[in-house]
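Here is how the chains run, residue by residue.
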Amino acid sequence: MSAGRPALRMGPAELVQAAAMARRFYLEGKSKIQIAEEFGVSRFKVARVLETALEHDLVRIEIRVPAELDAERSDALRARYGLRHAVVVESPAEAADDAPDPENLGEVAADLLGELVAEGDVLGLAWGRSTIHMAAALDRLPPCTVVQLTGVYDAGTAERGSVEAVRRAAQVSGGEAHPIYAPMLLPDPATAAALRGQTGIARAFEYFDKVTVACVSIGSWEAGISTVYDMLGEKEREHYASLGAAAEMSAHLFDADGRRIGRDLGERCITVEADRLRRIPEVVAIAGGHRKAAAIGAVLRSGLVTSLVTDTAAADFLLNETRPGPRPALDRTDPDGTP
């Protein structure tokens, strides 16, 4: 509270009373009825005094969030795409247009998971640089089970990739870890099916239907920005590009309208199925930057994601899109029209 511009229409007694009532209401948390009883006036009188205090700048109300968070963009993005939560982080000033996700997205996502995950939940983590950064930044998490939702990009990187992310999250929470020691993409459906039947992998898959909060990454259909793109040969890349591939999430491909394409690819992958993802109550995507902005929009239109952690560069693109289309995340509808 501060005395700003002169309160010309309020005498000293009124000013003192207004200041006292404002202190009771804004700082001490007392109700208008309690204040009315204390001062021997009606609660309507208290309401008028508080309103006058605001009008005369006797009271100033400031809404402050950490400088790195953009509250206005966050709320606009949440409303435009029908998201449950949207958190927009300031893009680093030195970030290049072709840079990968800013690492501070992982730090903010770690704090968000600390809010969303409750004791006894099952947390699912999909492969992605952003989810790996998020797991590394975790410093608090209620006791929960942590399960890996996809295979790894390269079995040789498991210790510093998604397997380690699952272990890290379980360590912080004090819960069980269920990693998947297998590549994400296999040469053929038969090999993938055989791996899914192995004891450790099958045990992780059994938890997929129990996941209550999932954390995923998003990639655009280009080298270095999509895990699947990097794993495929040139002919396969061209094939899926001809189908309209614009985005990838957890080895699922989407066109610009959010429709899933290339479903045959899923038969060769160790990953959570799209229908299972849709049934998870909270799916948090972590992705940002200019190069991923269109891909983020495509995945949001798929209806698989309920919440998003992104940066101002991607948010500005998403808010200026001329065709956000339906808001499937609001009620988890399937834009494909399939059950």
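Cut-offs used in this document
Residues numbered from 1 in each chain as written. Predicted model: local features only at pLDDT ≥ 70, side-chain atom pairs only at ≥ 80, totals over all residues. Heavy atoms only, no water. Helix = DSSP H or I, 4+ residues; strand = E, 2+ residues; numbered from the N terminus. Contact = heavy atoms within 4.5 Å. Areas by Shrake-Rupley, 256 points an atom, 1.4 Å probe, with all protein chains shown as cover. 1 Å grid on protein atoms, 1.4 Å probe; cavity = no way out; pocket = protein on both sides within 12 Å on 5 of 7 lines; lining within 4 Å. Points joined across faces, edges and corners; volume = space filled by probe spheres on them. Nonpolar A, V, L, I, M, F, W, Y, C, P; charged D, E, K, R; others polar. Pairing = 2+ DSSP bridges. Axes fitted to C-alpha atoms, helices over the stretch in contact; angles between N-to-C directions. Patch = residues over 30% accessible without salt bridge, like charges linked within 9 Å, V, L, I, M, F, W, Y side chains within 5 Å. Salt bridge = Lys/Arg side-chain N within 4 Å of Asp/Glu carboxyl O. Buried < 20%, exposed > 50% of the residue type's maximum accessible area, 1.4 Å probe, protein only. Parallel < 35°, antiparallel > 145°, perpendicular 65-115°, else oblique. Left-handed = near helix turned anticlockwise from the far one by under 90°. Polar contact = N/O pair within 3.5 Å; in protein donor to acceptor, adjacent residues only side chain to side chain. Right-handed = clockwise from strand over helix to strand, strands pointing away.

Caption draft 1: Inspection of the overall build of the protein at higher detail. Helix and strand counts for the protein stand at 15 helices and 11 strands. For the protein, the proportion of contacts with a sequence separation of at least 24, taken over those separated by at least 6, is 69%. Accessible area of the protein: about 15900 Å², with a carbon and sulfur share of 51%.

Caption draft 2: Focus on the layout of surface pockets. Taken as a whole, the second largest pocket encloses approximately 220 Å³ of empty space. Forming the boundary of the second largest pocket are 16 residues, of which H252, G266, E267, T271 and E273 lie nearest the centre. At the level of secondary structure, the elements contributing two or more residues to the lining of the second largest pocket comprise β8 (252-254), β9 (260-261) and α12 (263-266). Class assignment for the residues of the lining of the second largest pocket results in 7 nonpolar, 4 polar and 5 charged.

Caption draft 3: Summary view of the sheet that holds strand β5 (residues 213-217). Ordered by their spatial adjacency, 7 strands build an open sheet running β1-β11-β10-β5-β2-β3-β4, and the pairing between neighbours is parallel. Bordering the open sheet on either side are β1 (85-89) and β4 (177-178), each of which pairs with just one other strand. Examined bridge by bridge, β1 and strand β11 (residues 307-311) share 5 bridges and lie parallel to one another. Looking at β11, one finds that H85 is bridged to S307. With respect to the sheet, helix α7 (residues 162-173) is in contact with β2 (122-125), β3 (145-148) and β4, its orientation differing from that of β3 by roughly 175 degrees.

Caption draft 4: Region of the structure containing a nonpolar patch on the surface. A contiguous nonpolar patch, built from Y26, L27, L54 and I61 and spanning about 380 Å² of accessible area, is present on the exposed surface. Locating I61 in the fold gives a position in the loop between α3 (43-55) and α4 (71-81). For I61, a relative accessible area of 55% corresponds to the exposed category.

Caption draft 5: Quick look at the packing of helix α14 (residues 293-302) against helix α15 (residues 312-320). Relative orientation of the contacting elements α14 and α15 amounts to 60 degrees, with a least axis distance of 9 Å. In terms of their interaxial angle, α14 and α15 are classed as oblique. Of the two elements, α14 crosses α15, and the hand of that crossing is right-handed. In contact with A293, A294, I296, G297 and L300 of α14, α15 contributes A314, F317 and L318. The residue makeup of the contact of α14 with α15, split by class, is 7 nonpolar, 1 polar and no charged.

Caption draft 6: Layout of the side chain of T150. Relative to the elements of secondary structure, T150 occurs in the loop between β3 and α7. Only 2.8 Å separates the side chain of T150 from the backbone nitrogen of W127, close enough to count as a polar contact.

Caption draft 7: Region of interest: the packing of α4 against α15. Running from amino to carboxyl end, α4 crosses α15 at an angle of 40 degrees, the nearest separation of the two axes being 10 Å. With respect to their mutual orientation, α4 and α15 come out oblique. The crossing of α4 and α15 is left-handed. Only T312, A315, D316, L318 and L319 of α15 make contact with α4, whose side of the interface consists of R73, A76, L77, R80 and Y81. A breakdown of the residues in the contact of α4 with α15 according to their chemical character gives 6 nonpolar, 1 polar and 3 charged.

Caption draft 8: Layout of the pairing of β3. Burial of the side chains of β3 extends over both faces: T145 and V147 are buried on one face and V146 and Q148 on the other. Where β2 lies against β3, 4 bridges are found, and the strand directions are parallel. Bridge assignment links L125 to a residue of β3, and that residue is Q148. Where the polypeptide runs from β2 across helix α6 (residues 129-137) and back to β3, its parallel neighbour, the crossover connection is right-handed. In this structure, β3 lies alongside β4, joined through 2 bridges in parallel fashion. Along β4, the bridge assignment pairs V147 with H178.

Caption draft 9: Local environment of the environment of A204. Mapped onto the elements, A204 comes out in helix α9 (residues 199-206). Using a relative accessible area of 1% as the deciding quantity, one classes A204 as buried. For the pair A204 and I180, spaced 24 residues apart in sequence, the C-alpha to C-alpha distance is 6.9 Å. Setting aside its immediate chain neighbours within four residues, A204 contacts V147, H178, P179 and I180.

Caption draft 10: Local environment of the environment of A298. Within the secondary structure, A298 is located in helix α14. Considering only alpha carbons, one finds A298 and L253, 45 residues apart in sequence, at a separation of 9.9 Å. Sequence-distant contacts of A298, that is, excluding residues within four places in its chain, are made with A247, D255, A256 and G258.

These figures capture arrangement, not role.
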